[in-house]
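# Observations on chain architecture
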Amino acid sequence: MTGGSTVTGYIDHLETLSKKQLMVMLARQHHERTQPVAVIGMGCRLPGGLDDPRALWSALREGRVLSTETAGVPTDSLGRPRWNPAAPDLAPLAGRLGQGAYLTDVDLFDADWFGIAEEEARHMDPQQRLLLEVAAQALADANLSRERLRGRDVGVYAVAGPVEYPYAWLRGGVPGTGLSPHMSTGTSPSAFSGRIALSLGLNGPAVTVDTASSSMLTAVHLAVRALRARECDIALVGTCNLLLSPFSTGILDRAGMLSPTGRSRPFTGRADGHVRGEGCGVVVLERYADAVADGDRPYALVRGSAVHAQGDRPSISVAPARGQRAVVERALRDAGTAPEEVSYVEAQANGSRIGGQIEAEALADAYARRTPGAPPLYIGSCKANIGYLETASGAPGLMKTVLALAHAEIPPQPGEDEADPDIPWDRMALRLAAKPTAWPTEGRRRAAVSGFGFCGTLAHVVLESVPERPDPDTGAAEDAGPWPLLLSAHNAEALAGTADRLVRHLRESADWSPAAVCRTLAEGRDHRAVRYAAVVHDRSGLLAALERAASGAPSAGFDGDGSPGSAADAARHVRRYLAGEAPATAELWPQDTARPRLLHLPGPALVGRRHWPDHHNWL
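Residues numbered from 1 in each chain as written. Predicted model: local features only at pLDDT ≥ 70, side-chain atom pairs only at ≥ 80, totals over all residues. Heavy atoms only, no water.

### Structural notes on the overall build of the protein chain
So the rule is basically this: Strands are runs of DSSP state E lasting at least two residues, helices are runs of H or I lasting at least four, and both sets are numbered from the N terminus onward. Note on classification: 1.4 Å probe, protein chains only; a residue is buried when its accessible area is under 20% of the maximum for its type, exposed when over 50%, partly exposed between these limits. Contacts between residues were defined by any pair of non-hydrogen atoms, one from each residue, lying within 4.5 Å. Shrake-Rupley sampling with a 1.4 Å probe provides the accessible areas, and residues are treated as covered by the protein chains on show and by no other component. Lys and Arg are tallied as positive, Asp and Glu as negative. Neither His nor the chain termini are counted. Each charge is placed at NZ for Lys, CZ for Arg, CG for Asp and CD for Glu.
A tally of helices and strands in the protein chain yields 24 helices and 18 strands. C-alpha atoms of the protein chain, sized along the principal axes, occupy 75 × 75 × 60 Å. For the protein chain, with 619 residues in total, the buried portion stands at 56%. Excluding contacts between residues fewer than 6 apart, the proportion of contacts in the protein chain whose partners are at least 24 apart in sequence is 81%. When the accessible surface of the protein chain is summed, it comes to about 24500 Å², and 53% of that surface belongs to carbon and sulfur atoms. Each charge sign in the protein chain was given a centre, from 63 positive and 71 negative side chains, and these centres are 2 Å apart.

### Here we look at the packing of aromatic side chains
The test is simple: Pairing of aromatic rings covers Phe, Tyr and Trp, the last through its six-membered ring, and needs centres within 6.5 Å; plane angles under 30 degrees mean stacked, over 60 mean edge-to-face, and all others mean tilted. Placement of a charge over a ring requires the Lys NZ or Arg CZ to be within 6 Å of the ring centre, with the centre-to-atom vector within 35 degrees of the ring normal.
Under the defined criterion, the tally for this structure stands at five aromatic pairs. Arranged with centres 5.7 Å apart and planes meeting at 70°, the rings of Phe 247 and Trp 618 form a pair that is edge-to-face. With Phe 247 in helix H13 (residues 246-254) and Trp 618 in the segment after strand S18 (609-610), this pair connects stretches of sequence that are 371 residues apart. The class for Trp 618 is buried, based on a relative accessible area of 3%. Taken together, the ring pairs connect Phe 109, Trp 113 and Phe 114 into an aromatic cluster. Its end group placed over the ring of Trp 113, Arg 528 keeps NZ or CZ at 4.0 Å from the ring centre. The aromatic ring of Tyr 577 is capped on one face by Arg 531, whose charged end is 4.2 Å from the ring centroid.

### Thoughts on the layout of surface pockets
Stated precisely, the cut-off is as follows: Only protein atoms enter the 1 Å grid used here, on which a cavity is any set of points holding a 1.4 Å probe that cannot leave and a pocket is any open set flanked by protein within 12 Å on both sides along at least five of seven lines; residues with an atom within 4 Å of a point are listed as lining. Grid points are joined across faces, edges and corners, and a volume is the space filled by probe spheres set on the points. Each residue gets one of three labels, nonpolar for Ala, Val, Leu, Ile, Met, Phe, Trp, Tyr, Cys and Pro, charged for Asp, Glu, Lys and Arg, and polar for the others, Gly among them.
Considering only enclosed or pocket space, the second largest pocket measures out at about 970 Å³ in volume. Lining the second largest pocket are 37 residues, and of these Met 257, His 274, Asn 350, Tyr 388 and Phe 454 sit closest to its centre. Mapped onto the lining of the second largest pocket, the elements with two or more residues apiece are H13 and helix H16 (353-366). Counting residues per element, the lining of the second largest pocket draws most heavily on H16, at five residues. Residues that form the lining of the second largest pocket fall into these classes: 16 nonpolar, 15 polar and six charged.

### Structural notes on the pattern of salt bridges
Going by this rule: A carboxyl oxygen of Asp or Glu within 4 Å of a side-chain nitrogen of Lys or Arg is what we treat as a salt bridge.
Overall, the coordinates contain 41 salt bridges when judged by the stated rule. When the shortest N-O distance is used, the salt bridge between Asp 500 and Arg 504 registers 3.0 Å. Highlighted residues: Asp 500 and Arg 504, both in helix H20 (residues 492-507), separated by four residues, approximately one helical turn. Between Asp 511 and Arg 597 there is a salt bridge, with its nearest N and O atoms 2.8 Å apart. Pair noted here: Asp 511 is in the loop between H20 and helix H21 (514-523) and Arg 597 is in the loop between helix H24 (585-588) and S18, with a separation of 86 residues, a long-range link.

### Overview of the nonpolar core
Selection criterion: Residue types Ala, Val, Leu, Ile, Met, Phe, Trp, Tyr and Cys, when buried and joined through side-chain atoms within 4.5 Å, form a set referred to as a nonpolar core.
Membership of the largest hydrophobic core comes to 50 residues, with the highest contact counts inside it found for Val 237, Val 283, Leu 285 and Leu 398. The element contributing the most residues to this core is helix H12 (residues 215-228), with eight residues. Among residues more than four places away in sequence, those in contact with Leu 398 are Met 216, Leu 217, Val 220, Val 283, Val 449 and Leu 463. Counting 46 residues, the second largest nonpolar core, distinct from the first, contains Met 124, Leu 149, Tyr 165 and Leu 301.

### Regarding empty space enclosed by the protein
Inspection of the entire model under this criterion finds eight cavities of 30 Å³ or more. Approximately 320 Å³ is the volume found for the largest cavity. Forming the walls of the largest cavity are 29 residues, and the residues nearest its centre are Trp 113, Ala 140, Arg 525, Asp 526 and Pro 604. Counting residues per element, the ones that place at least two in the lining of the largest cavity are helix H7 (126-141), helix H8 (146-149), strand S15 (483-489) and H20. In terms of residues, the lining of the largest cavity owes the most to one element, S15, which gives four residues. Among the residues making up the lining of the largest cavity, the classes are represented as 18 nonpolar, seven polar and four charged. Here the second largest cavity defines a volume of roughly 160 Å³.

### What to know about the pairing of strand S9 (residues 377-380)
For the record, the criterion: Between any two strands, at least two bridges found by DSSP are needed for them to pair. The path from the first strand over the helix to the second decides the hand: if it runs clockwise while the strands point away from the viewer, the crossover is right-handed.
Of the two faces of S9, the one holding Leu 377 and Ile 379 and the one holding Tyr 378 and Gly 380 are both buried throughout. Sheet topology places strand S8 (residues 344-346) next to S9; three bridges connect them, and they run parallel. Along S9, the bridge assignment pairs Tyr 344 with Tyr 378. For the crossover from S8 across H16 to S9, the handedness is right-handed. Inspection of the sheet shows S9 paired to strand S11 (residues 430-431) by two bridges, in the parallel sense. Opposite Leu 377, over in S11, you have Leu 430 as the bridge partner.

### Details of the state of the cysteines
Defined as follows: A pair of cysteine sulfur atoms is labelled a disulfide when the two atoms are within 2.5 Å.
Enumeration according to the criterion identifies zero disulfides in this entry. Cysteine Cys 44 remains unbridged, with the sulfur of Cys 280 as its closest cysteine sulfur at 8.7 Å. Overall, the relative accessible area of 4% leaves Cys 44 in the buried class. Cysteine Cys 240 shares no disulfide, and the gap to the nearest cysteine sulfur, in Cys 280, comes to 4.3 Å.

### Digging into the side chain of Thr 401
Considering the arrangement of structural elements, one finds Thr 401 in helix H18 (residues 394-407). Look past the residues within four positions of Thr 401 in its chain and what remains in contact with it is Tyr 344, Glu 346, Ala 447, Ala 448, Val 449 and Leu 463.

### What about the sheet that holds strand S7 (residues 300-309)?
To be explicit about the condition: All axes here are fitted lines through C-alpha atoms, helices being fitted over the stretch that makes contact, and every angle between N-to-C directions spans 0 to 180 degrees.
One open sheet accounts for 11 strands, arranged S4-S3-S5-S6-S1-S7-S14-S13-S8-S9-S11; its pairing is mixed. Two strands close off the open sheet at either side, each with one partner strand: strand S4 (206-209) and S11. The pairing of strand S3 (residues 154-159) with strand S5 (residues 234-241) spans six bridges and is classified as parallel. Each bridged residue has a counterpart across the sheet, and for Val 156 the counterpart in S5 is Leu 236. Strands in contact with helix H11 (residues 191-199) are S3, S4 and S5; relative to S3, the strand with the most contacts, it is inclined by about 145°. Its contacts with the sheet place H18 against strand S1 (37-45), S5, strand S6 (279-287), S7, S8, S9, strand S13 (446-452) and strand S14 (457-464), and it is angled at close to 175° to S13.

This is how it looks when you write it as structure tokens:
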């Protein structure tokens with residue numbers, strides 16, 4: 001059938017429908033195009049040892065600021081500096097290289113967990129490797145095991161930072177015998193998304209995105225569109241930025257973009273440029289209706305987004321106010337949200353004083369906050385806390401905003417007490433939070449995130465809190481212990497590390513039950529060859545069992561207290577699990593009965609091994 005006849009046939013079909021049928025069809029189409037998308041999982045590795053969403057939120061809420069001015073050159077797992085500032089070609093950059101928000105040990109990677117051979121792992125850009133590890137953590141946070149993903153299309157939208165890994169051996173020289181076929185896929189930006197899809201066994205669209213600092217939000221925009229169009233059922237969106245070449249720092253310094261004092265101070269009178277940073281973040285997205293049906297616990301919802309480039313601008317790196325207003329207005333239209341309903345915006349503001357002034361004015365215009373009597377709009381930028389992560393900067397900004405919505409609280413903005421006097425705060429309704437601030441509105445909470453790419457692509461994402469829903473009545477399921485605690489890993493060291501992560505997380509948390517922990521670990525994790533299992537009756541018993549696993553105790557622990565019949569049933573599941581069988585989750589927690597909640601728990605501990613050719617050193 002030709003395209004014309006297809007259209008004609010469709011029109012003929014529409015003519016057979018009643019007015020009511022047409023209205024229902026259009027309403028359904030509108031819902032599909034605008035339905036909310038849930039953020040159901042997150043993972044990160046950020047400067048300052050912020051390796052999970054809870055650590056990030058704690059640091060932001062406390063107003064912690066990294067000492068980027070005196071960070072020093074980052075080191076690897078052997079304690080060696082990444083660069084030798086005394087080398088003749090690096091000495092002129094020594095001062096700048098000692099300022100930054102760096103990650104350490106980027107030479108480490110758990111290749112075994114992903115089934116990647118030694119030589120291939122060694123020649124993979126460490127950004128690929130870090131994205132893989134953080135993606136695994138985000139999927140675990142979302143409780144998406146391979147079993148739960150079976151038969152579902154999973155999109156991967158990965159962001160590629162500048163690939164600088166091979167620069168060192170290009171500088172120092174590598175003999176022809178040192179070349180490897182894995183250098184091609186190891187340094188190709190297209191491999192960022194393909195590597196995640198392959199290594200995690202994900203079927204669906206795999207796209208690599210690069211719009212510089214707006215990349216993460218651009219990727220979210222694309223992923224949301226794909227979810228609404230049902231091109232995929234789940235989407236992983238991730239970004240990574242590592243500063244492996246010292247010369248890129250020299251280039252930015254020569255361009256006058258870096259802070260002479262080594263700090264990013266957005267929206268302050270002391271703002272004098274940005275400090276470079278490294279990091280990685282991944283979020284997991286799902287249509288909200290599907291998340292509810294799956295029993296997931298979303299952090300927040302994406303309601304709308306937009307991407308825009310203002311072509312008639314003075315130069316490639318300028319983000320004019322009219323372009324900033326345009327991208328906000330488009331995102332609000334997509335979200336069906338009035339500007340006055342948004343209470344917080346995580347701004348692009350990276351430490352440029354003039355950039356912060358332009359952005360503040362543009363936000364006041366786009367969000368109808370030009371008069372002091374308008375509802376307050378809080379603005380902020382976590383670049384003041386952890387530096388400017390450049391290509392990866394959208395990830396911590398997005399995660400900060402998602403967590404603020406989930407906690408109904410706006411974290412303090414460092415530098416609030418020295419706000420830029422050239423921004424007319426008293427004539428606008430813009431605010432900087434001086435301390436953790438309760439959300440200024442009742443009911444549904446709305447916020448947004450901005451990202452501006454240095455080549456002109458602007459992105460804006462509008463977020464919303466998850467609707468209040470009564471928790472299902474899980475009392476009987478929570479109380480009907482004992483329960484089988486099932487834990488696994490790919491080797492004994494990783495098993496002990498995973499147990500240790502869980503113990504520390506649970507000891508610092510209050511909102512959990514043994515039943516919920518056991519169900520989460522049984523249903524929300526992949527089950528590997530090295531296993532530990534125990535029968536647990538209560539919180540103290542569960543923590544004690546995890547501590548035994550963390551210490552490398554034998555693979556089974558049985559608590560003899562409680563009902564003999566139920567304990568024997570739990571013990572049967574433990575024995576079957578230790579014999580290599582998959583958890584009988586349908587038997588343990590039948591779908592037609594009240595079931596414990598799935599929790600956000602730490603993912604598997606990954607055991608990093610050094611994968612770093614000697615010719616990649618700058619020493």
